[in-house]
Amino acid sequence: MEPSLDQPKTKRKISRRDFLKLAGAGLLLAAGADLVIVYTKDQKERERGGKVAVLDMFDIRGQNTIDFDGDTKQIINNSFGNEYGGHGETVSAVMNKLKFNTNEPQEQISIVSAVKIGEEAIDKVGNKTVNLEITEKEIIKLIGQTESGTINMSFEVGKIPVTIVTKQEKLKNPSAPLPGITRIGSTEIYKDELGNKISIDKFNEMRRIASEKIIVDAPENKRVVVFLDGYAGENTYDNLLAMTNIAAKFPDKTFIVAGGNPKYLNGLHTPDIREARVRLEKANLWPENLIVVGFQYHGDGIVAPASLGADIYVSDKDLEEMGFFGASSFATPVITEIVSALKKSGVKNWKDILLDGLTENNEFWNNNEKIDYKVLNLGKSKELLLTGRL
């Protein structure tokens, strides 16, 4: 039994007889017997949706060594190649590995023309910082040149903070003793390193001396260029707004975009678009044709979303089994491949199928905050897409 064309996407009750028929045909995906695949009549919509354009860094090569005493722009250019060399090719390789959307070659579009290097600044330690910008205007221009209906963007638009680490902080007095505090009820007793009682002024002075830092040149093996995530800091809202502007500009296309990766520089910087996304949704600026993808991290006894606020996550274990490592850049094409295959098969309610029928609900506790997120069930996706059940 195939559902009638253009039936509504709203939930509805069905008879037990129809339930069994739908389940047997592979068309019933969600618990509760209310998620049914709906097909479109529009053949052009199928063809357009099945065509994928991968916008990314193509034909980029890095340098074996970086001259950290050289020109800032040259350092950034060389490091950019090291950071993103082979990035676009790997993103495409993820899709080729899955092959859900068979016989449909990807269109590869290089975004190198959209990359600009901003003004140089100095941080509090004395390291050079630059905002690398992937410009919204140029990305819109590139997308306007393709007829593909599904767009993979394993990158962020807007400002990406870059720090050239040549200096670092170190303790001025690493062997200085630390004072301590003993609390008895509401009374605090200050003590030196030997346990002798001291005044609060002496306590504060000892702490100041023990924590005082100086700035020194970083050793050769600590000199690095760090590309922070554009969704993990002050640029989050503006960068996400730029992405929503792009998707809204092309309502007939579907955009599958990366939700960011955690980076370390004087502490962990975790991408978090939740607040920015709520602001955009309240302002009716969040487009329906935009899907944000993250990856689920397993390690050190932790299972958690590596970024916050994405629509869907792909397990790093699934990526590793495919020969890739956990990163939102490589999780994104997994979802793109599924979406394009669904659309090519004529599935009109592909978004419902993806987010409600092919995912599992997960939760993660961050201190006292419960975070709910959806993780792709890749096995179920393969069963649906590779067995001809569509």
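Residues numbered from 1 in each chain as written. Predicted model: local features only at pLDDT ≥ 70, side-chain atom pairs only at ≥ 80, totals over all residues. Heavy atoms only, no water.

Novice: Can you break down the packing of aromatic side chains residue by residue, with the values?
Specialist: All told, the structure shown has seven aromatic pairs when counted by the stated rule. Where Y84 meets F227, the ring centres are 5.9 Å apart and the plane angle is 85 degrees; that geometry is what we call edge-to-face. Placement of the pair is Y84 in helix α3 (residues 72-84) and F227 in strand β11 (residues 224-227), with a sequence separation of 143 residues. The two residues Y84 and F227 agree in class, both being buried. (Phe/Tyr/Trp six-rings, centres within 6.5 Å; stacked < 30°, edge-to-face > 60°. Helix = DSSP H or I, 4+ residues; strand = E, 2+ residues; numbered from the N terminus. Buried < 20%, exposed > 50% of the residue type's maximum accessible area, 1.4 Å probe, protein only.)

Novice: With reference to specific residues and values, describe the pattern of salt bridges.
Specialist: Tallied over the entire structure, the rule returns 15 salt bridges. Salt-bridge contacts for R183 lead to E188; the nearest nitrogen and oxygen are separated by 3.1 Å. Classification of R183 by relative accessible area gives exposed; the value is 55%. (Salt bridge = Lys/Arg side-chain N within 4 Å of Asp/Glu carboxyl O.)

Novice: Tell me about the side chain of T359, residues and numbers included.
Specialist: As for its position among the elements, T359 is in strand β18 (residues 359-366). A polar contact is formed between the side chain of T359 and the backbone oxygen of L355, at a distance of 2.6 Å. (Polar contact = N/O pair within 3.5 Å; in protein donor to acceptor, adjacent residues only side chain to side chain.)

Novice: How would you summarise the nonpolar core if you had to cite specific residues and measurements?
Specialist: Membership of the largest hydrophobic core comes to 47 residues, with the highest contact counts inside it found for L55, I139, M153 and F255. Here this core takes five residues from helix α7 (residues 236-249), the largest share from any one element. The contacts of I139, once residues within four sequence positions are left out, are L55, I111, A114, I134, M153, F155 and I246. Of all hydrophobic cores here, the second largest spans 39 residues; its members include V52, V91, I256 and L354. (Core = buried A, V, L, I, M, F, W, Y, C linked by side-chain atoms within 4.5 Å. Contact = heavy atoms within 4.5 Å.)

Novice: How would you summarise the pairing of strand β12 (residues 254-258) if you had to cite specific residues and measurements?
Specialist: Taking burial as the measure, the five residues of β12 include five buried ones, the bulk of the element. Burial of β12 is two-sided: the residues T254, I256 and A258 facing one way and the residues F255 and V257 facing the other way are all buried. Examined bridge by bridge, strand β5 (residues 150-153) and β12 share four bridges and lie parallel to one another. Along β12, the bridge assignment pairs M153 with V257. Looking at chain direction, β12 and strand β15 (residues 290-299) are connected through four bridges and run parallel. In the sheet register, F255 faces β15, and the bridge partner there is L290. (Pairing = 2+ DSSP bridges.)

Everything listed here is a matter of geometry and, on its own, says nothing about what the molecule does.
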